[in-house]
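# Fold and geometry: a report
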Amino acid sequence: MHLRPYQQIAVDLTLAWLEANKGNPCIVMPTGSGKSHVVAALCKHTIQTWPDTRVLMLTHVKELIEQNVEKMRQHWPAAPLGIFSAGLNKKQLSEPITFAGIQSIQKRADDVGHVDLVVIDECDLVSHKDEGGYRTFLAALLAINPAMRVVGLTATPYRMGHGYIIEEPALFHALIEPVTIEQLLYLGHLSPLRAKRTKLKYDTTGVHKRGGDFIESELQKVVDTDDQNHAVVKEILEHAGDRKAWLLFCTGVDHSLHVAAVLRAHGVPTETVTGDTPKNERARILADFRAGKVRAVTNALVLTTGFDYPAIDLIAMLRPTASTRLFMQMCGRGMRPHEGKENCLVLDFAGVVATLGPVTNPTVPGKAGDGDAPVKVCEVCHELCHISAKVCPACGTPFPEPIKDTLPTPTILVETDIMGLDLGDRYDLEIESWRWHVGRGVKSGKDQIVVTYYGTALSDAPVTEYLCINHDGYAADKAWRTLILIAQHVGPLPAGALASENPAVIVDAMNAAIPPAWIQHTREGRFQRITKRHWV
């Protein structure tokens with residue numbers, strides 16, 4: 001089984017980082033990008049390259065253990081692996097690779113013994129402080145082998161109230177981001193979300209927070225009322241149309257059961273999954289859901305990780321939250337592509353999108369201030385659109401031109417474009433050739449990569465973009481994401497070209513590569529931004 005190009009790049013960049021640096025990297029990959037394939041490839045490479053190595057793969061739910069083991073077998077049928085999980089009724093520690101649940105193994109460091117590499121899925125659950133089950137267990141393993149390295153994987157590299165997981169104090173020291181949601185959408189590996197303004201909005205005034213998020217018991221009292229449950233179901237039915245697989249995120253067990261009862265009263269085949277649902281009953285419900293016997297499933301936040309059903313085409317957020325991680329997990333359930341599925345409709349009764357922003361650029365916990373994200377709503381179809389949109393992407397209705405030369409007026413922002421992908425005016429350019437060279441930033445004095453695209457007509461003005469790979473922060477992250485995206489299309493590059501991080505080496509490799517057939521670009525101030533590249 002072969003990796004997708006960005007998955008292979010994730011493995012290559014991680015191995016290169018480990019070789020060149022001390023500390024622990026974290027691979028950031030969106031939900032649906034195939035993190036389990038990267039885990040499998042890392043484990044296989046490590047064991048086959050260094051046969052005496054011992055690898056421990058950790059996660060927090062048995063469903064993820066099962067998924068990761070399944071992908072490991074696909075990539076390496078004869079993989080020497082064991083499983084240590086009470087939930088799976090297996091306690092195997094003698095193999096070079098062990099897939100384990102942290103709850104089952106956290107007090108068994110002495111039994112585990114010497115480990116060279118720990119891989120942690122959903123690693124944002126690891127405390128940034130030196131406390132908790134993961135950190136205590138890792139400290140015990142480090143006492144046995146001080147040279148042990150840790151590689152994390154997550155779609156959400158931040159923690160509530162703290163910020164990015166690489167900020168001190170931290171277990172992880174670098175973020176490796178081989179692909180973004182935008183790129184996966186462009187490559188066809190993800191399905192887009194669409195959002196509509198809902199009439200009902202939950203009012204959380206007076207609901208207290210604990211640990212940065214709403215207290216569930218207080219939240220459920222405010223949200224779970226007969227009037228609101230009936231109103232929510234009425235709106236879902238109005239918007240659902242012929243959508244076939246609905247997933248509803250509720251505030252608690254009682255709320256999940258009550259909403260499910262209202263849906264069934266309206267003739268919608270509905271089931272409920274909670275943490276108390278017996279294993280066999282849960283399996284039956286989800287099997288019926290996938291088979292189309294059940295149209296809607298309500299849940300109390302148990303189907304956020306470890307559950308994948310690509311046909312989900314409607315998500316209802318009935319659970320207000322301040323957790324960006326939870327928001328991204330809920331959205332991720334609807335972003336897997338499926339035959340006949342154009343998009344997944346998100347009905348946000350909880351006002352989560354307005355608070356936390358679009359999925360392509362969500363609010364980082366502990367870093368952004370409070371307030372709503374800029375938005376405008378189409379008055380014809382009620383589509384939630386980016387503030388810069390000139391035409392509604394859903395129905396084509398033009399937005400009125402903004403009034404200039406007047407004092408700004410207060411605006412109540414109710415939602416935001418959930419994808420955050422509207423880019424305003426776009427321009428296409430058919431490409432004849434491109435030229436890569438190393439330039440120097442005027443202000444920074446640092447080397448940067450400059451790419452100039454030349455059109456097929458003499459009258460075409462060249463388009464130039466600047467990839468600041470040697471800068472800090474966002475500029476460097478954006479530059480590396482662009483390079484990785486391009487590398488997926490131009491074919492195999494010379495070994496180690498990107499991993500070298502040397503602008504001259506990268507430029508030489510790219511000048512020998514095939515340019516795109518056309519590009520789409522938009523102006524941002526004095527510069528052009530490439531919004532799409534297409535290879536034949």
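Going by the structure above, here's the rest.
Residues numbered from 1 in each chain as written. Predicted model: local features only at pLDDT ≥ 70, side-chain atom pairs only at ≥ 80, totals over all residues. Heavy atoms only, no water.

Helix and strand content of the chain: 15 helices and 25 strands. Classification of the 536 residues of the chain by burial places 52% in the buried group. Here the chain displays about 24,700 Å² of accessible surface, and carbon together with sulfur accounts for 51% of that area. (Helix = DSSP H or I, 4+ residues; strand = E, 2+ residues; numbered from the N terminus. Buried < 20%, exposed > 50% of the residue type's maximum accessible area, 1.4 Å probe, protein only. Areas by Shrake-Rupley, 256 points an atom, 1.4 Å probe, with all protein chains shown as cover.)

What follows concerns helix α9 (residues 226-240). With 15 residues, α9 extends 21 Å from end C-alpha to end C-alpha; this agrees with the ideal 21 Å at 1.5 Å per step. Three or more residues of α9 are buried, namely Gln-228, Asn-229, Val-232, Val-233, Glu-235, Ile-236 and Ala-240. Looking straight down α9, one finds that the buried residues subtend no more than 165 degrees of arc, so they occupy a single side. Exposed side of α9, more than 90 degrees from the buried face: Asp-226, Asp-227 and Lys-234 are the residues found there. Contacts made by the buried residues of α9 are with α8 (216-223), β14 (246-249), α10 (253-265), β17 (314-317) and β18 (344-348). Two residues or fewer after α9 comes Gly-241, characterised by a positive phi angle close to 60 degrees. (Expected span 1.5 Å × (residues − 1). Arc of directions from axis to C-beta. Contact = heavy atoms within 4.5 Å.)

Looking now at the packing of helix α2 (residues 35-49) against helix α3 (residues 62-75). Relative to each other, α2 and α3 sit at 55 degrees, their axes nearing to 8 Å. When the interaxial angle is binned, α2 and α3 end up oblique. Seen from above, α2 lies across α3 with right-handed handedness. Each of Ser-36, His-37, Val-39, Ala-40, Cys-43 and Lys-44 in α2 lies in contact with α3, whose residues at this interface are Gln-67, Asn-68, Lys-71, Met-72, Gln-74 and His-75. Along the lines of polarity and charge, the residues of the contact of α2 with α3 split into four nonpolar, six polar and two charged. (Axes fitted to C-alpha atoms, helices over the stretch in contact; angles between N-to-C directions. Parallel < 35°, antiparallel > 145°, perpendicular 65-115°, else oblique. Left-handed = near helix turned anticlockwise from the far one by under 90°. Nonpolar A, V, L, I, M, F, W, Y, C, P; charged D, E, K, R; others polar.)

By the secondary structure assignment, Arg-325 is in helix α12 (residues 324-332). On the basis of relative accessible area, Arg-325 is assigned to the buried category, the value being 16%. Each residue touching Arg-325, except ones within four places of it in the same chain, is listed here: Glu-122, Asp-124, Leu-125, Thr-156 and Tyr-158.

A word on the packing of aromatic side chains. On inspection of all chains with the given rule, the structure shows five aromatic pairs. Taken together, the aromatic side chains of Trp-434, Trp-436, Tyr-453 and Trp-535 make up a single cluster linked through ring pairs. Cation over ring: Lys-209 sits above Phe-214, and NZ or CZ is 5.1 Å from the ring centre. (Phe/Tyr/Trp six-rings, centres within 6.5 Å; stacked < 30°, edge-to-face > 60°. Lys NZ or Arg CZ within 6 Å of the ring centre and 35° of its normal.)

Here Leu-301 lies in the loop between β16 (296-299) and β17. Not counting the four nearest positions on each side in its chain, Leu-301 is found in contact with Phe-249, Cys-250, Arg-319, Leu-326 and Met-330.

Further remarks concern the state of the cysteines. One pass over the full model with this rule turns up zero disulfides. Free of any disulfide, Cys-331 has its nearest neighbouring cysteine sulfur in Cys-344, separated by 8.5 Å. A residue is classified by how much of its surface remains accessible, and Cys-331, at 1% relative accessible area, is buried. (Disulfide = S-S within 2.5 Å.)

On to unusual backbone geometry. Residue Glu-122 is not a glycine yet carries a positive backbone phi of 55 degrees. Judged by relative accessible area, which is 10%, Glu-122 ranks as buried. Even without glycine at this site, Leu-301 takes up a positive phi of about 60 degrees. Leu-301 gets classed as partly exposed once you look at its relative accessible area, which sits at 23%.

We now examine the sheet that holds strand β15 (residues 270-273). A sheet is described by the order of its strands in space; here six strands give the open sequence β11-β18-β17-β14-β16-β15, paired in parallel fashion. Sheet topology places β11 (193-196) and β15 at the edges, where each strand pairs with a single neighbour. On average, adjacent strands in this sheet sit at an angle of 20 degrees to one another, irrespective of strand direction. When β14 meets β16, the two strands line up parallel, connected through four bridges. Its bridge partner being in β16, Phe-249 is matched across the sheet by Asn-299. Packing against the sheet, α9 makes contact with β11, β14, β17 and β18, and its axis sits at approximately 150 degrees to β14. Sheet strands in contact with helix α11 (residues 279-291) are β14, β15 and β16, and its direction is about 140 degrees off that of β15. (Pairing = 2+ DSSP bridges.)

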